[in-house]
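Now for the letters of each chain:
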Amino acid sequence: MIGRLMREQARAHRGYLAWTALFTAITVALAGFVAITATQQMRLERHAIDTFGLGGEWSRTLVVGADYDGLDNAVSWEELGSTLDAADAEGAQTAAMQTLDLLALRAVDVDATPDEALSTWWGERGLVGVRGVVDWEAVLLSGAAPRPGGVAVDADWAASLGLGIGDRVDVVVDVWDGDVQTTTDLTRLTVAGLLRPSGHGRYDLSLPVAVLDWDDALASRAGAADLLDVGADDGLADIGAVHATAALDAIPGWPGRPWFGATNEVVLPSVLLLAAMLLATGMIGMAFAAGRAQAQSRSHWVATARALGARRSTLAWAAVAEAAAVGMVAGLAGLGAAWALAALDWSAFAAANADALLPAGPVPARWVLCGALALATALSTIVGAIPAFWAMRITPASALKPVAPLTTSPPRRRLRLGWLILVWVPALGYSAYQGRLYYELPLEGFRWPWLVFPLTGALTLAVAATYARRVVDRASRRLAASARPWALSAAHALVSRPRQAAGPATVFALVASAFGWFITQQALINWAQYGSGIPSWLPEPLRSDAMVAPTGWDGRPLYALAALVFALLTAVAFGTAIAGSAAHRGDRQARTAMGLSHGAARLAGAVEFALPLAVGTLAGITVGFVAAVGAFGGSTPDTSFGLSQASGAFTDVGPLWALVHASHALLPAVMMTGIAIGWISLGAAALAATVRARATVTA
């Protein structure tokens with residue numbers, strides 16, 4: 001019976017289910033792409049670790065010559081080598097890599113400046129010495145493994161200098177005599193092989209620029225120690241073994257592996273992950289707006305099913321199973337899209353780094369697959385359960401009567417704006433005070449007064465949401481006082497369904513307040529520190545720091561995130577409006593009765609869609625701006641504005657300083673508002689194109 005109920009319910013509400021599935025799939029695709037690319041970065045680094053023989057079941061990272069765990073257990077390089085030989089005799093299959101931080105290579109007989117001929121100019125990891133089970137076939141692009149007197153160098157570095165196999169390089173060290181630096185030769189080696197180069201771009205792999213034989217590395221280390229008057233037994237070593245044996249117990253240190261990846265590409269993953277989080281939050285918020293309309297249409301179906309003998313528990317399970325099925329399908333679709341995008345992304349990286357030491361293409365890990373399906377199922381179930389919950393609360397007799405629809409009931413005003421502001425304003429001031437102490441006091445542990453920070457954040461969001469709902473209600477009623485037919489039509493829809501307007505306005509207000517607070521806070525902090533801004537053609541009070549100015553390079557990821565988030569939220573609002581249009585046949589009837597022209601009907605639909613979103617955005621940006629100014633705390637070298645209580649070169653400043661200099665955050669705030677309004681306008685235009693002016697009146 002549940003299966004039949006699911007089929008009939010899905011057929012009756014396919015628009016809402018399609019909306020849920022689409023945006024669930026987009027959320028999973030964004031989060032899945034981040035997860036797959038992150039795991040591929042880890043696979044890239046692990047592949048390099050395994051290739052150098054350091055990825056076995058046993059590993060150590062240690063500073064040779066240092067004691068561990070308070071014991072007198074330091075080992076020398078000679079003792080370490082003897083221990084590894086003993087472990088190999090037991091079948092451990094060890095490998096080791098020593099880092100030569102103080103040394104560099106200098107090419108001999110090349111057409112380059114002295115600085116360009118040094119390997120340190122290349123900017124990779126530097127020199128290392130290796131021994132053991134290194135996979136030289138994978139590491140080398142050409143040539144042979146380095147033996148005593150030989151060295152393998154990065155193929156790209158060699159190509160930049162015209163080096164080839166058989167050419168000579170010197171191992172050198174910089175020696176300082178007062179302020180005079182001298183580059184001293186330690187030994188001369190012959191290039192025996194060319195290493196696969198590092199890879200950079202969307203992924204990052206940072207490999208040694210040169211690999212020496214283990215004994216040559218020890219000899220060079222000892223020579224540098226004599227010149228620099230440092231201990232020859234000091235140095236970092238990474239050790240790995242395929243099998244753990246008894247001999248390895250003599251090696252101190254901690255389990256660990258070398259670091260072969262900078263993992264510095266955090267902008268795109270951060271933007272996409274934040275967008276996915278905000279999209280999921282927006283979907284749930286919008287579901288409360290669309291849920292009432294869906295509940296109204298579902299209530300007739302639920303009442304019919306219950307009148308025919310279906311129990312409420314059966315209907316509940318049918319709704320849950322329906323939502324879970326939609327979530328599973330959407331999750332698989334989103335994961336497939338994420339996998340395809342990650343494969344294309346990896347293909348572009350591999351093509352740009354054709355000779356680098358790269359593993360195979362990305363494959364979703366098991367935890368990514370399970371997490372994506374769990375996320376999709378949970379999100380779809382939450383969004384699908386909202387209208388089902390409201391629909392099943394109505395008795396069959398009430399649902400079949402011509403009563404006022406659920407969407408016409410006004411939202412309950414649980415929070416009064418005035419009382420919220422009375423609590424919010426002191427919280428802002430106390431946050432500014434605690435923020436100053438946060439930087440002044442030693443961070444020896446958690447302090448209970450710091451709970452004011454999350455409390456103030458929650459109050460800011462509550463003020464933004466409550467303020468947005470109030471302003472939407474007033475704007476709708478003012479629009480209803482207009483004599484223009486399109487305004488009356490839009491106002492009728494907004495006033496008669498206050499929950500439909502309050503939901504999207506709340507979502508946009510919450511997101512906009514977060515953006516407004518962040519950009520204002522960053523603009524004021526950076527202006528206090530540096531006092532110079534861009535663009536130069538603006539008057540000085542309106543200039544902002546490059547961190548948040550739209551023309552600054554550092555500010556672009558922030559505005560890219562805003563553009564993506566507001567685009568997705570506008571799309572969610574558009575889908576919500578389309579999915580709920582079937583439940584609002586009265587709007588078409590009213591437009592027909594009023595004799596609206598085609599253009600006026602479209603304008604009414606656009607205003608009905610855009611007004612709550614635009615008001616919510618403006619309210620959120622405003623509240624976030626005020627919160628950032630009211631809770632501001634920082635320091636500045638500025639001596640104007642009567643700042644005489646200086647602490648060293650800087651003076652502590654607070655909300656009053658922020659209020660005086662708040663104009664420097666106006667440009668980012670206006671830019672953020674413009675991005676949101678731009679997407680809302682596009683959504684309104686798209687919705688207006690779907691409006692029919694003279695629809696047939698149906699009963």
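Calculation notes
- Residues numbered from 1 in each chain as written.
- Predicted model: local features only at pLDDT ≥ 70, side-chain atom pairs only at ≥ 80, totals over all residues.
- Heavy atoms only, no water.
- Helix = DSSP H or I, 4+ residues; strand = E, 2+ residues; numbered from the N terminus.
- Areas by Shrake-Rupley, 256 points an atom, 1.4 Å probe, with all protein chains shown as cover.
- Salt bridge = Lys/Arg side-chain N within 4 Å of Asp/Glu carboxyl O.
- Buried < 20%, exposed > 50% of the residue type's maximum accessible area, 1.4 Å probe, protein only.
- Phe/Tyr/Trp six-rings, centres within 6.5 Å; stacked < 30°, edge-to-face > 60°.
- Axes fitted to C-alpha atoms, helices over the stretch in contact; angles between N-to-C directions.
- Parallel < 35°, antiparallel > 145°, perpendicular 65-115°, else oblique.
- Left-handed = near helix turned anticlockwise from the far one by under 90°.
- Contact = heavy atoms within 4.5 Å.
- Pairing = 2+ DSSP bridges.
- Core = buried A, V, L, I, M, F, W, Y, C linked by side-chain atoms within 4.5 Å.
- Nonpolar A, V, L, I, M, F, W, Y, C, P; charged D, E, K, R; others polar.
- Patch = residues over 30% accessible without salt bridge, like charges linked within 9 Å, V, L, I, M, F, W, Y side chains within 5 Å.
- Lys, Arg positive; Asp, Glu negative; His and termini not counted.
- Charge placed at Lys NZ, Arg CZ, Asp CG, Glu CD.
- Polar contact = N/O pair within 3.5 Å; in protein donor to acceptor, adjacent residues only side chain to side chain.
- Expected span 1.5 Å × (residues − 1).
- pLDDT = per-residue confidence, 0-100.
- Arc of directions from axis to C-beta.

Visitor: Lay out the overall build of the protein in plain terms, naming residues and giving numbers.
Guide: The secondary structure content of the protein amounts to 19 helices and 14 strands. Accessible surface computed for the protein: about 32,200 Å², of which carbon and sulfur atoms make up 62%.

Visitor: Can you tell me about the pattern of salt bridges, naming the residues and giving the values?
Guide: Taken as a whole and judged by the stated rule, the model has 7 salt bridges. Across the pair Arg 188 and Asp 170 runs a salt bridge whose closest N-O atoms are separated by 2.7 Å. Residue Arg 188 is found in strand β8 (residues 180-195), and its partner Asp 170 is found in strand β7 (residues 168-177); the two are separated by 18 residues along the sequence. What makes Arg 188 partly exposed here is its relative accessible area of 42%. Between Asp 345 and Arg 202 there is a salt bridge, with its nearest N and O atoms 3.1 Å apart. In this pair, Asp 345 sits in helix α8 (residues 312-352) while Arg 202 sits in the loop between β9 (199-200) and β10 (204-205), placing the two residues 143 residues apart along the sequence. Assessed through its relative accessible area of 16%, Asp 345 is described here as buried. One salt-bridge network, held together by shared partners, links Asp 85, Asp 88 and Arg 131.

Visitor: Before we move on, can you summarise the packing of aromatic side chains with the specific residues and values?
Guide: Within the structure shown, the criterion is met by 9 aromatic pairs. Considering the side-chain rings of Trp 346 and Phe 349, the 5.4 Å spacing of their centres and the 40° angle between planes classify their relative orientation as tilted. Note that Trp 346 and Phe 349 are positioned in helix α8 at a spacing of 3 residues, about one turn of the helix. For Phe 349, a relative accessible area of 4% puts it in the buried group.

Visitor: I'd like a rundown of the packing of helix α12 (residues 452-480) against helix α17 (residues 598-630), residues and numbers included.
Guide: Here α12 crosses α17 at 140°, and the two axes come no closer than 8 Å. Taken together, the axes of α12 and α17 lie oblique to each other. Considering the relative orientation of α12 and α17, their crossing is right-handed. Each of Thr 460, Val 463, Ala 464, Tyr 467, Ala 468, Val 471, Val 472, Ala 475, Ser 476 and Leu 479 in α12 lies in contact with α17, whose residues at this interface are Val 607, Leu 611, Pro 612, Val 615, Gly 616, Ala 619, Gly 620, Val 623 and Ala 627.

Visitor: I'd love a proper account of the pairing of strand β3 (residues 103-107), names of residues and values included.
Guide: Counted residue by residue, β3 has 4 buried out of 5 residues, so it is predominantly covered. Of the pairings in the sheet, the one linking β3 to β7 comprises 5 bridges and is antiparallel in character. Bridge assignment links Arg 106 to a residue of β7, and that residue is Asp 170.

Visitor: Explain the nonpolar core residue by residue, including any values.
Guide: Judged by nonpolar contacts, the single largest core of 65 residues is most densely connected at Phe 515, Phe 566, Trp 657 and Met 672. Residues Val 134, Leu 195, Leu 207 and Ala 356 belong to the second largest nonpolar core, which totals 26 residues.

Visitor: Give a detailed account of the packing of helix α14 (residues 498-530) against α17, specifying residues and quantitative values.
Guide: With their axes 6 Å apart at the nearest point, α14 and α17 run at an angle of 35° to one another. The way α14 lies across α17 gives a crossing that is right-handed. Between α14, through Ala 501, Pro 504, Ala 505, Phe 508, Ala 509, Ala 512, Ser 513, Gly 516, Trp 517, Thr 520, Gln 521 and Leu 524, and α17, the contact on the second element is made entirely by Pro 612, Leu 613, Gly 616, Thr 617, Gly 620, Ile 621, Gly 624, Phe 625, Ala 627, Ala 628 and Val 629. When grouped by side-chain class, the residues that make up the contact of α14 with α17 number 15 nonpolar, 8 polar and no charged.

Visitor: Could you give an account of the pairing of β7, naming the residues involved and the relevant values?
Guide: For a regular strand, the rule is simple: side chains alternate between the two faces of the sheet. With 10 bridges connecting them, β7 and β8 associate as antiparallel partners. If you follow Val 171 over to β8, its bridge partner there is Thr 187. The turn linking β7 back onto β8 is made up of 2 residues, and Gly 178 within it adopts a positive phi angle of 70°.

Visitor: So, a negative patch on the surface: which residues are in play, and what are the values?
Guide: Together, Glu 78, Glu 79, Asp 233 and Asp 234 line one region of the surface with negative charge. Along the polypeptide, Asp 233 turns up in the loop between α6 (214-228) and β12 (235-241).

Visitor: Could you give an account of the environment of Arg 168, naming the residues involved and the relevant values?
Guide: Within the secondary structure, Arg 168 is located in strand β7. Of the residues examined, Arg 168 reaches a relative accessible area of 35% and is grouped as partly exposed. When near neighbours in sequence (up to four residues on either side) are disregarded, Arg 168 contacts Ala 107, Val 108, Asp 109, Leu 163, Arg 188 and Leu 189.

Visitor: Report on the side chain of Ser 431, specifying residues and quantitative values.
Guide: In this structure, Ser 431 sits in helix α11 (residues 417-440). Among the polar contacts made by the side chain of Ser 431, one reaches the main-chain carbonyl oxygen of Ala 427 at a distance of 2.8 Å. Here the side chain of Ser 431 touches Thr 456 through a polar contact of 2.7 Å, side chain to side chain. The residues contacting Ser 431, other than those within four sequence positions of it, are Val 452, Phe 453, Thr 456 and Ala 631.

Visitor: Quick rundown of the environment of Ala 250? Include the residues and the values.
Guide: Mapped onto the elements, Ala 250 comes out in the loop between β12 and α7 (267-307). With near-sequence residues (within four places) excluded, Ala 250 lies in contact with Val 75 and Thr 83.

Visitor: Describe in detail a nonpolar patch on the surface, supporting the description with residues and values.
Guide: Together, Leu 273, Leu 274 and Met 277 line one region of the surface with nonpolar side chains, adding up to about 260 Å² of accessible area. Here Leu 273 shows up in helix α7.

Visitor: Please give an account of α17 that cites residues and values.
Guide: Helix length check: α17 (33 residues) gives 48 Å between terminal C-alpha atoms against 48 Å at 1.5 Å per residue, within 8%. Of all 33 residues in α17, 25 are buried; the element is thus mostly enclosed.

Visitor: Account for the confidence of the model for the protein, naming residues and giving values.
Guide: Residues at a pLDDT of 70 or more form 77% of the protein, whose mean pLDDT is 80. Looking over the protein, one finds the lowest element-wise mean pLDDT in helix α10 (residues 396-399), namely 52, and the highest in strand β11 (residues 210-213), namely 95. Counted against residues more than four places away or in other chains, residues 641-648, with its pLDDT under 50, gives 10 contacts. Considering only residues more than four positions removed or in separate chains, one finds that residues 693-699, a stretch of pLDDT under 50, has 16 contacts.

Visitor: Could you give an account of unusual backbone geometry, naming the residues involved and the relevant values?
Guide: Even without a glycine there, the phi angle at Asp 69 is positive, about 60°. Structurally, Asp 69 is set in the loop between β1 (58-64) and α3 (77-89). Although it is not a glycine, Gln 93 adopts a positive phi angle of roughly 55°. Within the fold, Gln 93 resides in the loop between α3 and β2 (94-100). Take Gln 93: its relative accessible area is 39%, and that puts it in the partly exposed class.

Visitor: Mind laying out α3, listing which residues take part and the relevant values?
Guide: An α-helical turn contains 3.6 residues, so a residue and the one three or four places further along point in the same direction. The terminal C-alpha atoms of α3, which comprises 13 residues, lie 19 Å apart, in line with the 18 Å expected from a rise of 1.5 Å per residue. Considered for burial, the residues of α3 that qualify are Trp 77, Leu 80, Gly 81, Thr 83, Leu 84 and Ala 87. Down the axis, α3 shows its buried residues gathered within 165° of arc, on one side only. Across α3 from its buried face, at more than 90 degrees, point the exposed residues Glu 78 and Ala 89. Where the residues of α3 are buried, they touch β1, β2, β4 (127-132), α6 and β12. Taken from the residues just after α3, Gly 91 is the one with a positive phi, measuring 90°.

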